[in-house]
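Coordinates in review
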Amino acid sequence: MKLSVLINNFNYGQYLRPCIDSVLSQAYADFEVIVVDDGSTDDSREILAAYGERILPVFKENGGQASSFNAGFAAASGDILFLLDADDAFLPGKLARVAEIYDRNEIDWCFDRVTTHEGDQPPAQLQVTLFDKRDTLRKGGFPSLPVPTSGLSFRRELLSQILPMSVAKDVVLSDNYIKFAAAYLGRGAIVETPLTFQRIHASNRYTGTSRAKTLRPRIMIATGLELARRYDGLHALGKSLVAGGIAETTSLLKLRSEARNTVTGGPFGDDAINEVALMAARKRLGNMLRRGQS
């Protein structure tokens, strides 16, 4: 079974070497490393050139993280594909242990949790939870998938039903769409014990940043719209995500106009405007009551 690791990079030259080295040092017989450089302006290209034929670099104009996922997938030839942000790293043995999980279970995807402590070693034993929430997703439910990009892996057959995906600048449309789509399309597993290091730093695009609060509603809305456009069975989830994103905006008085701007021409049709706005209002009111606001 061949594995492909798709590293997406944009101006993370200072972290790129430890990221790539963490993959090249894996004890697994057959894998490839594809690094998609999304129009970096730092020293990333020089760093990639130093690896020669040990990696496959893909250079492209800046188009956002989703476009990097698409480019990496197009270049990959593996049976199992792993995603990895260029500022993160795989713990020793990750590839072999995740490959074994695929071998032993009839699963389409496997997500492993991350540690934010550099230097952590992989656990001696893994806690693996099989995960099938396809019915929940069809009904509009939100299963918990608390794993970032660098903990995601997929069988090629599944990922080919998700990528290529629509693109957006920044991270407004990225791994959340892929996770929900994967959980809707197939049966998976979550490794509860970390096999990946996620680096928290000042240049993070989302995690641990001051931008997260303002990005979150945009991510929810973009993800909901894309899921509903792409998959007929995810209209209910799409509406819930859009409503949640609208509910996190600044004023209840803006809800209906924002819903109209968001939904008109989208996958739900004009008749859904009032329904989405009402869902958002109810969600916002519920949040206010839980916080003890009047």
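Residues numbered from 1 in each chain as written. Predicted model: local features only at pLDDT ≥ 70, side-chain atom pairs only at ≥ 80, totals over all residues. Heavy atoms only, no water.

Going by the annotation in an unreviewed UniProt entry, the name recorded for the protein chain is Glycosyltransferase family 2 protein, with Rhizobium bangladeshense given as the source organism.

Some points on the pairing of strand E3 (residues 56-60)
We count it as follows: Here, any two strands with at least 2 DSSP bridges between them count as paired. For the purposes of this entry, the term helix denotes a DSSP run of H or I that reaches at least four residues, the term strand denotes a run of E that reaches at least two, and both are numbered from the N terminus. Place the viewer so that the strands point away; then a crossover is right-handed whenever the path from the first strand over the helix to the second strand goes clockwise.
Bridging between strand E2 (residues 31-38) and E3 involves 5 bridges; their strand directions are parallel. Each residue of the ladder has a partner; that of Asp 38, found in E3, is Lys 60. Note on the crossover from E2 through helix H2 (residues 44-49) to E3: the handedness is right-handed.

Side note on the packing of aromatic side chains
Note the following rule: Between 30 and 60 degrees the pair is tilted, below 30 it is stacked and above 60 it is edge-to-face, where a pair is any two Phe, Tyr or Trp rings, Trp via its six-membered ring, whose centres lie within 6.5 Å. When accessible area is computed with a 1.4 Å probe and restricted to protein chains, residues below 20% of their type maximum are described as buried, those above 50% as exposed, and intermediate ones as partly exposed.
Evaluated as defined, the whole model comprises 7 aromatic pairs. Ring geometry for Phe 111 against Phe 154: centres 5.7 Å apart, planes inclined by 70°, an arrangement best described as edge-to-face. Linking Phe 111 in strand E6 (residues 109-115) with Phe 154 in strand E8 (residues 152-155), this pair joins segments that are 43 residues apart in sequence. With a relative accessible area of 0%, Phe 111 lands in the buried category. One aromatic cluster in this structure is built from Trp 109, Phe 111, Phe 131 and Phe 154.

So, the pairing of E8
Strand direction decides the pairing type here: strand E4 (residues 80-85) and E8, joined by 3 bridges, are antiparallel. Its bridge partner being in E8, Ile 80 is matched across the sheet by Arg 155. Here 3 bridges tie E6 to E8, and the two strands are oriented antiparallel to one another. Paired with Phe 111 across the two strands is Leu 152, which belongs to E8.

A word on helix H3 (residues 65-75)
How we decide: The contact definition used throughout considers only heavy atoms, calling two residues in contact when any of these lie within 4.5 Å.
Counting buried residues in H3 gives 9 out of 11 residues, a clear majority hidden from the surface. Listed as buried for H3 are Gln 65, Ala 66, Ser 67, Ser 68, Phe 69, Asn 70, Ala 71, Gly 72 and Phe 73. Where H3 is buried, its residues contact strand E1 (3-9), E2, E3, E4, helix H6 (156-159) and helix H7 (175-185).

Side note on the pattern of salt bridges
Here is the rule: By convention in these notes, a salt bridge is any Lys or Arg side-chain nitrogen within 4 Å of a carboxyl oxygen on Asp or Glu.
Summed over the entire model, instances satisfying the criterion amount to 8 salt bridges. Residues Asp 112 and Lys 94 are paired through a salt bridge, measuring 2.8 Å at the closest nitrogen-oxygen approach. Within this pair, whereas Asp 112 is found in strand E6, its partner Lys 94 is found in helix H4 (residues 94-104), the two being separated by 18 residues in sequence. For Arg 113, the salt bridge goes to Glu 192, with nearest N and O atoms at 2.7 Å. Taken as a pair, Arg 113 in strand E6 and Glu 192 in strand E9 (residues 188-197) lie far apart in primary sequence, 79 residues in all. Since its relative accessible area comes to 23%, Glu 192 is described here as partly exposed.

Structural notes on unusual backbone geometry
The phi torsion of most residues other than glycine is negative, and most of the peptide bonds are trans. Going from Leu 163 to Pro 164, the amide bond is cis rather than trans, its omega being 0°. For Pro 164, the location among the structural elements is in the loop between H6 and H7.

Details of the side chain of Thr 223
Mapped onto the elements, Thr 223 comes out in helix H8 (residues 212-230). For Thr 223, the contacting residues outside a window of four places in its chain are Val 172, Leu 173, Asn 176, Tyr 177, Phe 180 and Leu 241.

Describing the nonpolar core
Going by this rule: Only buried residues count toward a nonpolar core. Its members are Ala, Val, Leu, Ile, Met, Phe, Trp, Tyr and Cys residues joined through side-chain atoms within 4.5 Å.
By size, the foremost hydrophobic cluster in this structure holds 38 residues, and its most contacted members are Trp 109, Phe 154, Ile 162, Ile 178 and Leu 227. If we ignore the near neighbours within four places in the chain, the residues touching Ile 178 are Phe 69, Leu 83, Phe 154, Leu 159, Ile 162, Leu 163 and Met 165. Core analysis: the next-biggest nonpolar cluster, separate from the first, contains 30 residues, Leu 16, Ile 20, Val 35 and Ala 189 among them.

As for the environment of Asp 108
Checked against the element boundaries, Asp 108 lands in the loop between H4 and E6. Apart from residues no more than four positions distant in its own chain, Asp 108 is found in contact with Tyr 102, Phe 154, Arg 155, Leu 158, Gly 186 and Arg 187.

What to know about the environment of Leu 91
Topologically, Leu 91 is positioned in the loop between strand E5 (89-90) and H4. With 31 residues separating them along the chain, Leu 91 and Pro 122 place their C-alpha atoms 6.1 Å apart. Ignoring any residue separated from it by four or fewer positions in sequence, one finds Leu 91 in contact with Gln 26, Thr 115, Asp 120, Gln 121, Pro 122, Pro 194, Leu 195, Thr 196 and Phe 197.

What about the environment of Leu 237?
Structurally, Leu 237 can be placed in helix H9 (residues 235-247). Overall, Leu 237 belongs to the buried group, its relative accessible area being 0%. For the pair Leu 237 and Gly 224, spaced 13 residues apart in sequence, the C-alpha to C-alpha distance is 6.8 Å. When neighbours within four sequence positions are excluded, Leu 237 is seen to be in contact with Leu 137, Gly 140, Gly 141, Phe 142, Phe 180 and Leu 227.

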